[in-house]
Amino acid sequence: MADVVLSNALMWAGKKAVVQDPYDWDDDASWVLGNEDRFRGIGKDRTDALIHAARIGNLSVDVTKYLQSDGTLRWSDVLDDVTHGCMSEFIETPYGVLFMDCG
């Protein structure tokens with residue numbers, strides 16, 4: 001089920017990219033093929049997409065510095081650092097928010 005949601009989200013993002021930049025992409029499938037390796041995570045919002053990326057081993061941020069004394073992570077701070085670095089993109093789709101690497 002998760003693969004279908006991810007596939008639908010990527011295809012939706014591809015269709016949007018083709019409309020926005022028709023000279024860069026032949027069709028949505030070419031966008032998906034050209035951007036699959038950028039995928040890091042998907043979730044209901046940006047923080048959830050980060051957590052998904054961490055769960056599947058696609059988060060390149062050392063989260064240990066965000067640990068609180070009770071052992072929980074400050075995911076809002078992780079999100080702040082990820083977006084501050086401008087090395088990632090979050091694409092909102094009807095299927096969820098895609099967390100994509102730009103670096």
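About the thresholds
Residues numbered from 1 in each chain as written. Predicted model: local features only at pLDDT ≥ 70, side-chain atom pairs only at ≥ 80, totals over all residues. Heavy atoms only, no water. Helix = DSSP H or I, 4+ residues; strand = E, 2+ residues; numbered from the N terminus. Buried < 20%, exposed > 50% of the residue type's maximum accessible area, 1.4 Å probe, protein only. Contact = heavy atoms within 4.5 Å. Areas by Shrake-Rupley, 256 points an atom, 1.4 Å probe, with all protein chains shown as cover. Pairing = 2+ DSSP bridges. Polar contact = N/O pair within 3.5 Å; in protein donor to acceptor, adjacent residues only side chain to side chain. Core = buried A, V, L, I, M, F, W, Y, C linked by side-chain atoms within 4.5 Å. Axes fitted to C-alpha atoms, helices over the stretch in contact; angles between N-to-C directions. Parallel < 35°, antiparallel > 145°, perpendicular 65-115°, else oblique. Nonpolar A, V, L, I, M, F, W, Y, C, P; charged D, E, K, R; others polar.

Our focus in this paragraph is the overall build of the protein. The helix and strand inventory of the protein stands at four helices and three strands. Put simply, the protein has 103 residues, and 34% of those count as buried. Long-range pairs, those at least 24 residues apart, make up 45% of the contacts in the protein between residues at least 6 apart in sequence. Here the protein has roughly 6,400 Å² of accessible surface; of this, 51% comes from carbon and sulfur atoms.

What follows deals with the pairing of strand β1 (residues 39-43). In terms of residue burial, β1 counts as a mostly covered element, since four of its five residues are buried. Pairing geometry for β1 and strand β3 (residues 96-101), over four bridges, is antiparallel. Each bridged residue has a counterpart across the sheet, and for Phe39 the counterpart in β3 is Met100.

Position of Met100 relative to the elements: it lies in strand β3. It is 5.2 Å that separates the C-alpha atoms of Met100 and Arg38, two residues lying 62 residues apart in sequence. The contact partners of Met100, leaving out residues within four places of it in the chain, are Leu10, Trp31, Asn35, Arg38, Phe39, Met87, Ser88, Glu89 and Ile91.

With respect to the element layout, Arg40 can be found in strand β1. Measuring from C-alpha to C-alpha, the distance between Arg40 and Gly57 comes to 8.6 Å, with 17 residues separating the pair along the chain. Apart from residues lying up to four places away in sequence, Arg40 is in contact with Ala53, Ile56, Asn58, Phe99 and Asp101. Of the polar contacts made by the side chain of Arg40, one reaches the side chain of Asp101; its length is 3.3 Å.

The next subject is the nonpolar core. Ranked by size, the top nonpolar core spans 14 residues in total, and within it Leu50, Leu59, Trp75, Val78, Phe90 and Phe99 carry the most contacts. Those elements that provide at least two residues to this core are α3 (46-55), α4 (75-84) and β3. Aside from chain neighbours lying at most four places away, what touches Trp75 is Thr47, Leu50, Ile51, Ala54, Leu59 and Val63. Membership of the second largest hydrophobic core comes to twelve residues, among which are Ala9, Ala17, Ile42 and Met100.

Moving on, we come to the packing of α3 against α4. Their axes nearest at 10 Å, the elements α3 and α4 cross at an angle of 90 degrees. By the criterion of interaxial angle, the relationship of α3 to α4 is roughly perpendicular. The segment α3 lies against α4, with Arg46, Thr47, Leu50, Ile51 and Ala54 engaging Trp75, Val78, Leu79, Val82 and Thr83. Partitioned by chemical class, the residues of the contact of α3 with α4 number seven nonpolar, two polar and one charged.

Turning to the pairing of strand β2 (residues 88-93), a few remarks are in order. Direction of pairing for β2 relative to β3: antiparallel, over a ladder of six bridges. The residue of β3 that forms the bridge with Glu89 is Met100. Counting the residues between successive antiparallel strands, the hairpin from β2 to β3 contains two residues.

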